[in-house]
Amino acid sequence: MSLLEVKNLKKSFDENVVLKDISLSVDKGEVLCIIGPSGSGKSTLLRCITRLDHEDSGKIDFDGTFGLVFQDFNLFPHHNVLKNITNAPIKVQKRDKAEVLSTARDLLKKMGLEDKEEAYPHELSGGQQQRVSIARALAMNPDILFFDEPTSALDPELTSEILVVIRNLAAEHMTMVIVTHEMSFARNVADKIIFMDDGYIIEEGTPEEVFSSDNTRMKEFLGKFY
Ligand code: ADP
Ligand code: MG
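None of these values were measured; they are calculated from a predicted model.

Asks: Would you take a moment to explain the site of ligand 1 for this structure?
Replies: Around ligand 1, a shell composed of Phe-13, Asn-16, Val-18, Pro-37, Ser-38, Gly-39, Ser-40, Gly-41, Lys-42, Ser-43 and Thr-44 is seen. Within the side chain of Asn-16, an N or O atom sits 3.2 Å from an oxygen atom of ligand 1. Side-chain polar atom of Thr-44 to an oxygen atom of ligand 1: 2.6 Å apart, as the coordinates give it. Of all elements in the fold, only β2 (16–27) and α1 (42–49) reach the threshold of two or more residues within the shell around ligand 1. Per-element tally for the shell around ligand 1: the top contributor is α1, with 3 residues. Partitioning the shell around ligand 1 into residue classes produces 3 nonpolar, 7 polar and 1 charged.

Okay, here's the thing in C-alpha cells:
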C-alpha cells in the first residue's frame, strides 16, 4: 500500500505549464530522490503535494502528517531553537507541552545540538540551522519528510554533515522525498529516483536503472555532474 499517491498532476502559472502530467507513489519506509535541472518543476511538485500550492488538475492521495525542510532553513528568526521546534506541535497539533518539550530535547540530542536550545538562528552555522529545521520537522511526528534541496545553501563541509543526518534517518526507515542535486548521495540513499525535466517525469527507477539510462536528456544532465 502506498503512503502517498500522485496521479496525473498538472499545474500552470499563467501561460507557463510547470507540471505536465506527474504520477508517482511513495511506499512506507521508502526514500524517493527527485533530480532534474533548475526550473523543471521539482519545488512546485513538492509545494502541491504539501498543500503550499494548489494543483490545476490531478489527484493527491495522502492523509498523514508531513514535515518539510527547505533549502534556506526557514526558521523563525525571533524564536530560539527550542521554541522553533515546539511551537507547531503545541499550537497546531495541540499536543501536551511536557511531552513536546521532551521530544524536542531528544531530537536536539540526536542532531548534536543539545547545548543550543536557547540559541537564536542567527547565532548558528548554516549546518546547525538546517539540523534545527530537520528536528522541527521531525517533532511533528511526520509520516513523510519532504526535503527541497536541503544542502544547496551550504558549503561542502556542512553539506556532508546534513547528508549524514538524512542517511541516518533512512537507516531508521523514515519515509522521505528528497529533491537534491547531490548525485552520489541520491545514488547511495535512494530506493527510487525520479528524473524530472520540463514538467515531466522522464526516468524513474532504482538508482542503478536511472543512472545507467540511455535517455539523452538524462545523460546530458548527469554529464554536468561527472
Ligand atoms: P525547480 O524547483 O525544479 O527548479 P520550480 O518548481 O521552482 O522548479 O519552477 C518551475 C517553473 O515554475 C519555473 O519556470 C518557475 O519560474 C515557475 N514558478 C514557480 N513558482 C512560481 C510562482 N509562484 N509564480 C509563477 N511562476 C512560478
Ligand atoms: Mg526548486
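After that view, the rundown keeps rolling.
Asks: Is there a simple way to think about the sheet that holds strand β7 (residues 176–179) in this case?
Replies: Picture the strands of a sheet paired through backbone hydrogen bonds; they go either parallel or antiparallel. Reading across the sheet, the 6 strands line up as β5-β6-β7-β3-β8-β9 and stay open at both edges, with mixed pairing between neighbours. Looking at strand neighbours, the two that pair on one side only are β5 (66–69) and β9 (200–205), the edges of this open sheet. Ignoring which end each strand starts from, the neighbouring axes of this sheet average 15° apart. Pairing between β5 and strand β6 (residues 144–148): 4 bridges, direction parallel. Residue pairing in the sheet places Val-69 in a bridge with Phe-147 of β6. α1 contacts β3 (31–35), β6, β7 and β8 (192–197) of the sheet and is inclined by roughly 150° relative to β6. Contacts between helix α8 (residues 216–223) and the sheet are confined to β3, β8 and β9, with β8 contributing the most and set at about 100° to the helix.

Asks: Would you explain the pattern of salt bridges in this entry?
Replies: Note that side chains of opposite charge can pair when their charged atoms are close. Scanning the entire structure with this criterion turns up 11 salt bridges. Ionic pairing is found between Glu-5 and Lys-7, a salt bridge with its closest N-O pair at 3.9 Å. A relative accessible area of 29% places Glu-5 in the partly exposed class. Judged by relative accessible area, which is 42%, Lys-7 ranks as partly exposed. Between Asp-198 and Lys-20 there is a salt bridge, and its shortest N-O distance comes to 3.2 Å. Of this pair, Asp-198 sits in the loop between β8 and β9 while Lys-20 is found in strand β2, placing the two residues 178 residues apart along the sequence. In this structure Asp-198 comes out as partly exposed when scored by relative accessible area, which is 45%. Lys-20 gets classed as partly exposed once you look at its relative accessible area, which sits at 21%. Members of the salt-bridge network, linked through shared partners, are Lys-11, Arg-47 and Asp-53.

Asks: What is the right way to look at the sheet that holds strand β4 (residues 57–61) in this model?
Replies: As summarised here, the arrangement of the 3 strands in space is β2-β1-β4, forming an open sheet in which the pairing is antiparallel. Looking at the sheet topology across the chains shown, the edges are occupied by β2 and β4. Averaged over all neighbouring strand pairs, the angle between strand axes comes to 15°, with direction disregarded. Alignment of strand β1 (residues 2–13) against β2, held across 8 bridges, turns out to be antiparallel. Each residue of the ladder has a partner; that of Ser-12, found in β2, is Val-17. The strands touched by α1 are β1, β2 and β4; relative to β1, the strand with the most contacts, the crossing angle is about 120°.

Asks: Can you walk me through the environment of Ala-153 in this structure?
Replies: Locating Ala-153 in the fold gives a position in the loop between β6 and α5 (156–171). Here Ala-153 falls in the partly exposed class, since its relative accessible area comes to 47%. With residues near it in sequence (within four places) discarded, Ala-153 still touches Gln-71 and Phe-73.

Asks: What am I meant to see in the pairing of β7 here?
Replies: Regular strands place their side chains on alternate faces of the sheet. In β7, alternate side chains face the same way, and those of Met-176 and Ile-178 on one face and Val-177 and Val-179 on the other are all buried. In this sheet, β7 lies alongside β3 in parallel orientation, the contact comprising 4 bridges. What sits directly across from Cys-33, in β7, is Ile-178. In the classification by handedness, the crossover that spans β6, the intervening α5 and the parallel β7 is right-handed.

Definitions and limits used
- Residues numbered from 1 in each chain as written.
- Chains lettered and ligands numbered in written order.
- Predicted model: local features only at pLDDT ≥ 70, side-chain atom pairs only at ≥ 80, totals over all residues.
- Heavy atoms only, no water.
- Near = heavy atom within 4 Å.
- Polar contact = N/O pair within 3.5 Å; in protein donor to acceptor, adjacent residues only side chain to side chain.
- Helix = DSSP H or I, 4+ residues; strand = E, 2+ residues; numbered from the N terminus.
- Nonpolar A, V, L, I, M, F, W, Y, C, P; charged D, E, K, R; others polar.
- Pairing = 2+ DSSP bridges.
- Axes fitted to C-alpha atoms, helices over the stretch in contact; angles between N-to-C directions.
- Contact = heavy atoms within 4.5 Å.
- Salt bridge = Lys/Arg side-chain N within 4 Å of Asp/Glu carboxyl O.
- Buried < 20%, exposed > 50% of the residue type's maximum accessible area, 1.4 Å probe, protein only.
- Right-handed = clockwise from strand over helix to strand, strands pointing away.

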